[in-house]
Amino acid sequence: MRSSKLYNHIRHFSSQQIVPQICIIGAGPAGFYATQQIIKTLKDARVDILDRLPVPFGLVRFGVAPDHPEVKNVIHTFHKTAKNPNVNFFGNVNVGRDVTINQLRKAYHAVVLAYGAEQDRELHIPGENLKNVISGRQFVGWYNGLPNEKDLKIDLSVDEAAICGQGNVAMDIARILLTPIDKLKNTDITNYALETLSRSKVRKVWLIGRRGPLQAAFTIKELRELIKLEDCETQWRTSDFDQVRDYIPNLARPRKRLTELMLKSLDEFPTIKSECKNVLAPVFFRSPVEFQGADVVENLRSSINELVGNNIAELTAKSTDKYEDIKCGLALRCIGYKSVQVDPNIPFDSKNGRVKAQFGKIDENFYAAGWLATGPVGVILSTMTNAFEVSKLLCTELKCEKSKPGWKEVSSLLNQKGVQIVTYNDWEKIDQVEQQRGKAAEKPREKIVDISEMLEIAAK
Ligand code: FAD
Ligand code: NAP
C-alpha cells in the first residue's frame, strides 16, 4: 500500500519534471542517514545538507571517544552518501543565524531538522559555577577538538574527580581520565588534550549514580572496558548490592548480563591485593546537592537516596535527610544533553529540550530526526533507525506541486551575508591536511580546531 503510494509520487515528479528539493539541517548521523533514505527512494531528488560547522559528521567526530575508532567507520557510509551527485554538503551555515527556517521552507519542498542536542542539562544546585565543575559535554568537546571548547579551563592537577551521572558519556570520560596515556597517544585525540592528560594527577574517579545497580544507565561493553583498564582497580561498595542477586533470575537479558558483570567484579575485588595506581569508585543511591569550595570545587555533597515505585527498572530516586561528602578537586556533570531552539519558528518544548513533532513530523513538509526529535538518547544505530523512519514518512507525504529554487536561492541569501560556504570537496581538503599532520605522530589525524584555519584551507 505504502510503496504503491510512493511510486505514484515518484511518477508524478518525473512526468512534471519537478526536481524535489530537500534540505537537511545537521550533518551528523541523523542528517546523513535521512539523506541516504531519501536518495534511495526518490531517485531524482536533490538533497542539500547544511551544517553550522565547516566539517561534517556531528558527534561521530566530536562525541565518540578517540579510543573507539571502529565506531567512526560509519563515516565511510556518510562519505558515500555525500559523494552521490544528487547530494551536497554545505558547511559553515548556521541555521537560525545565517538563514532562517522560513527562508529554507520557502526555498525547498521539504526541510528536515537534524541538528542534534548541543547543550547539556544542569543540576541547578549550589556551587555549580565553582571552578573545575565542568560539564561532561564540554570536556568531551575539548578532547575531541570541538572549536568552541578548545580553550576549556580544566585543572587535572588534583587527586580525585567526581563524575555525576552513570550514562555512557560518564563512562567515556572516566575511561579517558584513567587510561594510561600511551594508550591514547595514537588515537585522534587532540594534541593539547593529550599533553594536559599526560600531566594529569587524577588517580581516583568517583562515578556517582542517583539510583541503584539494577537501574544503571551504562551498558556492558563500556563497563567491561573500564573494569579491565590497565593499572586501575574498581572499588564497588558491597552495601550497594544488597538484595541485587535475588533479582537476577527475573531480569531481561541485557540487564541480567550487566548486573552479573558488576557482581563478578565485586566478588573478585576483596581477593585481589591491588597495587594499582588508579581507582574507579562507582557509588550508587546518591544525588548531588551541592558543590562546595571557596573558589574551586573541593567537595561534592550528595543526598543518600532510597528508591520508590513498583517496577524494578523504573524505580525513582528519593532523597532522605542523610548526606555523604566526597572530596574532589574536579567534578564533571554528565547528566545528559539537551537541544536548543535555533529559530523562533521551530515549535519547541523548552522544558524537555526537544522539538515538538509527532513521529518526526512537525508540520506540512517539515520534519525532525535524530536526537533533536527523540531526545538525547540512543546510539548511532537507533539514530539511524529513527532517521530512516522519518525520511520514509517524508517520501510518502511529499508534495511537489511547483518548482522550488532550493540552494540557488539560499546560496544567494548567504552570499549577501558574506558567509563562506564549505563544500564536501572543501572538507576533503581539510581532511587531507588533518591526516597529513597526524602522520608524524602516528595518529589517524590531528584535528584542526580553529574555524578560521579550516576556512582558510577550504578556500585554497
Ligand atoms: P549530532 O551527531 O549531534 O549531529 C547534529 C549536527 O547538527 C552537528 O553536526 C551540528 O554541528 C549540526 N548543527 C547544530 N546546530 C546547527 C545549526 N544551528 N545549523 C546547522 N547545523 C547545526 N553512539 C554510538 O553508537 N557509539 C558511541 O561510541 C557513541 N559515543 C558517543 C559519545 C558521546 C560523548 C555522545 C554525546 C554520544 C555518543 N553516541 C555514540 C551517540 C551518537 O553520537 C548519537 O546517537 C548521534 O550522534 C546523534 O545524531 P544526530 O545527528 O541526531 O546529532
Ligand atoms: P544517559 O544515558 O541518559 O545517562 C544520564 C545519566 O545521568 C544517568 O545515570 C541518569 O540517571 C543521570 N541523571 C540524569 N539527571 C540527573 C539528575 N538530575 N541528577 C543526578 N543524575 C541524573 O545520557 P548520556 O550519558 O549523556 O548518553 C546519551 C546517549 O548516548 C545514551 O543513549 C548513550 O548510550 C549514548 N552514548 C553511547 C556511547 C557508547 O556507545 N560508547 C557513549 C556515549 C554516549 P537516571 O538513570 O537515574 O536517570
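Owing to the predicted nature of the structure, the values given are computational and were not obtained by experimental measurement.

Turning our eyes to something else, we now look at helix α15 (residues 424-439). Between the first and last C-alpha of α15 there are 22 Å, a value that for 16 residues agrees with the 22 Å anticipated at 1.5 Å per step. Those residues of α15 that sit buried are Tyr424, Asp426, Trp427, Ile430, Asp431, Glu434 and Gly438. With its buried residues spanning 150° around the axis, α15 presents them on a single face. Away from the buried face of α15 by more than 90 degrees, exposed residues Asn425, Gln432 and Lys439 are located. Against the buried residues of α15 lie α3 (58-62), α4 (74-82), β3 (87-90) and α16 (451-459).

Given a rise of 1.5 Å per residue, 16 residues ought to cover 22 Å, and the 22 Å separating the end C-alpha atoms of helix α11 (residues 253-268) matches this to within 8%. Considered for burial, the residues of α11 that qualify are Leu258, Thr259, Leu261, Met262, Leu263, Ser265 and Leu266. Packing partners of the buried residues in α11 comprise α9 (220-227), β9 (232-234) and α10 (244-247).

It is worth spelling out the packing of aromatic side chains at this point. Aromatic rings considered in pairs are described by the distance between their centres and by the relative angle of their planes. Taken as a whole, this structure holds 15 aromatic pairs when the rule is applied. An aromatic cluster is built from Phe32, Tyr33, Phe57, Phe78, Phe388 and Trp427, whose rings are joined through pairwise contacts.

Counting all residues, the mean pLDDT for the protein is 95, and 96% of those residues have values of 70 or more. Scored below 50 in pLDDT, residues 1-8 makes 6 contacts in the model with residues more than four places away or belonging to other chains.

Examined at the domain level, the protein breaks down into domain 1 (2-118 + 339-422) and domain 2 (122-337). Look at where the C-alpha atoms of domain 1 and domain 2 centre, and you get two points 35 Å apart. Taken together, the contact between domain 1 and domain 2 spans 16 residues of the former and 20 residues of the latter. Roughly 1300 Å² of surface becomes buried between domain 1 and domain 2 when both sides are summed, with 55% attributable to carbon and sulfur atoms. When the buried area of domain 1 at its contact with domain 2 is split by residue, Phe62, Pro66 and Asp67 rank highest and sum to 42% of it. Counting across the interface, domain 1 meets domain 2 through 2 salt bridges. Where Arg175 meets Asp67, a salt bridge forms, and the shortest distance between an N and an O atom there is 2.7 Å.

Turning our eyes to something else, we now look at the packing of helix α6 (residues 136-143) against helix α7 (residues 168-178). Describing two packed helices takes the angle between their axes plus the distance from one axis to the other. Taken N-terminus to C-terminus, the directions of α6 and α7 make an angle of 50°; their axes are 10 Å apart at the nearest point. With respect to α7, the element α6 is oriented oblique. The way α6 lies across α7 gives a crossing that is left-handed. Contacts from Gly136, Phe139, Val140 and Tyr143 of α6 reach α7 at Val169, Asp172, Ile173, Ile176 and Leu177. Classifying every residue of the contact of α6 with α7 by side-chain character gives 7 nonpolar, 1 polar and 1 charged.

Further remarks concern the site of ligand 1. Looking at ligand 1, there are 33 residues lining it, with Ala30, Asp51, Trp371, Ile380 and Thr383 nearest. Contact distances for ligand 1 include 2.6 Å between an oxygen atom and a side-chain N or O atom of Asp51. Take Leu59: an N or O atom from its main chain is 2.9 Å from an oxygen atom of ligand 1. Its free accessible area being 1000 Å², ligand 1 has 93% of it covered by the protein chains. Of all the secondary structure elements, the ones that give two or more residues to the shell around ligand 1 are α2 (29-41), α3, α7 and α13 (380-397). For the shell around ligand 1, the class distribution of residues is 20 nonpolar, 9 polar and 4 charged. Counting residues domain by domain, the shell around ligand 1 receives three or more from each of domain 1 (2-118 + 339-422) and domain 2 (122-337).

Attention now moves to the sheet that holds strand β2 (residues 46-50). If you walk across this open sheet you meet the 6 strands as β3-β2-β1-β4-β19-β18, and the pairing is mixed. Looking at the sheet topology across the chains shown, the edges are occupied by β3 and β18 (361-363). Across the sheet, the mean angle from the axis of one strand to that of its neighbour is 20°, orientation sign disregarded.

Within this structure, the stated rule accounts for 0 disulfides. Among the cysteines around Cys232, which has no disulfide bond, Cys276 carries the closest sulfur, lying 6.6 Å off. Cys232 sits in the buried class, given a relative accessible area of 6%. We note that Cys400 lacks a disulfide partner, and the nearest cysteine sulfur, in Cys395, lies 10 Å from it.

A cluster of basic side chains, namely Arg224, Lys228, Arg253 and Arg257, defines a positive patch on the protein surface. By secondary structure assignment, the location of Arg257 is in helix α11. When its relative accessible area of 34% is taken as the criterion, Arg257 is described as partly exposed.

A few words on the environment of Ala441. Topologically, Ala441 is positioned in the loop between α15 and α16. Through-space distance from the C-alpha of Ala441 to that of Gln215 is 41 Å; in sequence the pair is 226 residues apart.

Now for the pairing of strand β1 (residues 21-25). Buried residues dominate β1, accounting for 5 of its 5 residues. Residues of β1 alternate between two faces, with Gln21, Cys23 and Ile25 on one and Ile22 and Ile24 on the opposite face, all of them buried. Here 5 bridges tie β1 to β2, and the two strands are oriented parallel to one another. In the strand pairing of β2, Gln21 is matched with Arg46. Of the crossover connections in this fold, the one passing from β1 over α2 to the parallel β2 is right-handed. By the bridge criterion, 4 bridges tie β1 to strand β4 (residues 110-113) in an arrangement that is parallel. If you follow Cys23 over to β4, its bridge partner there is Val111.

Criteria and thresholds
- Residues numbered from 1 in each chain as written.
- Chains lettered and ligands numbered in written order.
- Predicted model: local features only at pLDDT ≥ 70, side-chain atom pairs only at ≥ 80, totals over all residues.
- Heavy atoms only, no water.
- Helix = DSSP H or I, 4+ residues; strand = E, 2+ residues; numbered from the N terminus.
- Expected span 1.5 Å × (residues − 1).
- Buried < 20%, exposed > 50% of the residue type's maximum accessible area, 1.4 Å probe, protein only.
- Arc of directions from axis to C-beta.
- Contact = heavy atoms within 4.5 Å.
- Phe/Tyr/Trp six-rings, centres within 6.5 Å; stacked < 30°, edge-to-face > 60°.
- pLDDT = per-residue confidence, 0-100.
- Domains from an automatic or database assignment.
- Buried area = accessible area lost by both parts, 1.4 Å probe.
- Salt bridge = Lys/Arg side-chain N within 4 Å of Asp/Glu carboxyl O.
- Axes fitted to C-alpha atoms, helices over the stretch in contact; angles between N-to-C directions.
- Parallel < 35°, antiparallel > 145°, perpendicular 65-115°, else oblique.
- Left-handed = near helix turned anticlockwise from the far one by under 90°.
- Nonpolar A, V, L, I, M, F, W, Y, C, P; charged D, E, K, R; others polar.
- Near = heavy atom within 4 Å.
- Polar contact = N/O pair within 3.5 Å; in protein donor to acceptor, adjacent residues only side chain to side chain.
- Areas by Shrake-Rupley, 256 points an atom, 1.4 Å probe, with all protein chains shown as cover.
- Pairing = 2+ DSSP bridges.
- Disulfide = S-S within 2.5 Å.
- Patch = residues over 30% accessible without salt bridge, like charges linked within 9 Å, V, L, I, M, F, W, Y side chains within 5 Å.
- Lys, Arg positive; Asp, Glu negative; His and termini not counted.
- Charge placed at Lys NZ, Arg CZ, Asp CG, Glu CD.
- Right-handed = clockwise from strand over helix to strand, strands pointing away.

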